[in-house]
Amino acid sequence: MDYIRAIEDEQVNKDLPKFNVGDSVSVHYRIIEGNRQRVQVFDGTVIKIQGKSSRKTFTVRRISYGIGVERTFPLNSPRIADLVVNRKGKVRRAKLYYLRDRQGKAAKVKEKINY
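All of these numbers come straight from a predicted model, not from anything done at the bench. (Residues numbered from 1 in each chain as written. Predicted model: local features only at pLDDT ≥ 70, side-chain atom pairs only at ≥ 80, totals over all residues. Heavy atoms only, no water.)

Caption draft 1: Just the pattern of salt bridges, in detail. Under the criterion given, the structure shown has 6 salt bridges. Measuring nitrogen to oxygen at the nearest pair gives 3.5 Å for the salt bridge that ties D23 to K88. You can see D23 sitting in the loop between α1 (2-10) and β1 (24-33) and its partner K88 sitting in the segment after β5 (80-87), a full 65 residues away along the chain. Exposure remark for K88: the relative accessible area of 34% places this residue in the partly exposed category. The shortest N-O distance in the salt bridge between R100 and E70 comes to 2.8 Å. (Salt bridge = Lys/Arg side-chain N within 4 Å of Asp/Glu carboxyl O. Helix = DSSP H or I, 4+ residues; strand = E, 2+ residues; numbered from the N terminus. Buried < 20%, exposed > 50% of the residue type's maximum accessible area, 1.4 Å probe, protein only.)

Below, the structure written as structure tokens:
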């Protein structure tokens, strides 16, 4: 088991900033189309983080043209070019599934203010 853990620890991406559930993030994700490559930005709120070590994933939700869109990213993927934390969220839950049922201002997460 220690061999597996050692291999997984090599694959962990340590360059990404610390973020948590409820934070508003911008994920810069590399898209490969044929022989061309471009970076696509996905802005939204982190509604869940699951897994551990190299298998960790996070799900980002945003509203696009009135429809909720969720996308799950592997945290340690080499396709993540950059991850920017736009604002910290003040939440008391580990999974924010309740945001799926809300619209408008009710679907917003309050901002955490550090004094």
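Read on, since the account is not over.
Caption draft 2: Here's a closer look at the packing of aromatic side chains. In this structure the tally under the stated criterion is 4 aromatic pairs. Plain terms: the ring middles of F19 and F58 are 5.0 Å apart, the flat faces sit at 70° to each other, and that makes the pair edge-to-face. With a gap of 39 residues between them, F19 in the loop between α1 and β1 and F58 in strand β3 (residues 57-64) connect regions that are remote in the sequence. Exposure class is identical for F19 and F58. Each is buried. Cluster of aromatic residues (ring-pair linked, three or more members): F19, Y29, F42, F58 and F73. (Phe/Tyr/Trp six-rings, centres within 6.5 Å; stacked < 30°, edge-to-face > 60°.)

Caption draft 3: Molecular detail of the pairing of β1. Of the strand pairs in this sheet, β1 and strand β2 (residues 36-50) are connected by 10 bridges, and their pairing is antiparallel. By the bridge assignment, S24 is partnered in β2 with T45. In textbook terms, the turn of a hairpin is the stretch between consecutive antiparallel strands, and for β1 and β2 this stretch comprises 2 residues, one of which, G34, has a positive phi near 65°. (Pairing = 2+ DSSP bridges.)

Caption draft 4: Region of the structure containing the nonpolar core. Ranked by size, the top nonpolar core spans 14 residues in total, and within it V27, F58, V60, F73 and L83 carry the most contacts. At the level of elements, β1, β2, β3 and β5 are the ones that each hand at least two residues to this core. With 4 residues, β1 is the single largest residue contributor to this core. For V60, the residues in contact, after removing those within four places along its chain, are V25, V27, F42, D43, G44, T45, V46, V69, E70, R71 and F73. (Core = buried A, V, L, I, M, F, W, Y, C linked by side-chain atoms within 4.5 Å. Contact = heavy atoms within 4.5 Å.)

Caption draft 5: Seen up close, the side chain of K48. Mapped onto the elements of the fold, K48 is located in strand β2. For the buried K48, no salt bridge is present, and the opposite-charge side chain at shortest range is E70, 6.6 Å distant. Excluding anything up to four places from it in sequence, K48 contacts V21, T57, F58, T59, A94, K95 and Y97. (Lys, Arg positive; Asp, Glu negative; His and termini not counted.)

Caption draft 6: How the structure looks around the environment of R55. By the secondary structure assignment, R55 is in the loop between β2 and β3. Owing to a relative accessible area of 58%, R55 belongs among the exposed residues under this scheme. For R55 and L75, which are 20 residues apart along the polypeptide, the C-alpha to C-alpha distance reads 7.6 Å. When residues no more than four places from it in sequence are discounted, the contact partners of R55 are E8, Q50 and N76.

Caption draft 7: Examining a positive patch on the surface more closely. The grouping of K90, R92, R93 and K110 at the surface amounts to a positive patch. Within the fold, K90 resides in the segment after β5. (Patch = residues over 30% accessible without salt bridge, like charges linked within 9 Å, V, L, I, M, F, W, Y side chains within 5 Å. Areas by Shrake-Rupley, 256 points an atom, 1.4 Å probe, with all protein chains shown as cover. Charge placed at Lys NZ, Arg CZ, Asp CG, Glu CD.)

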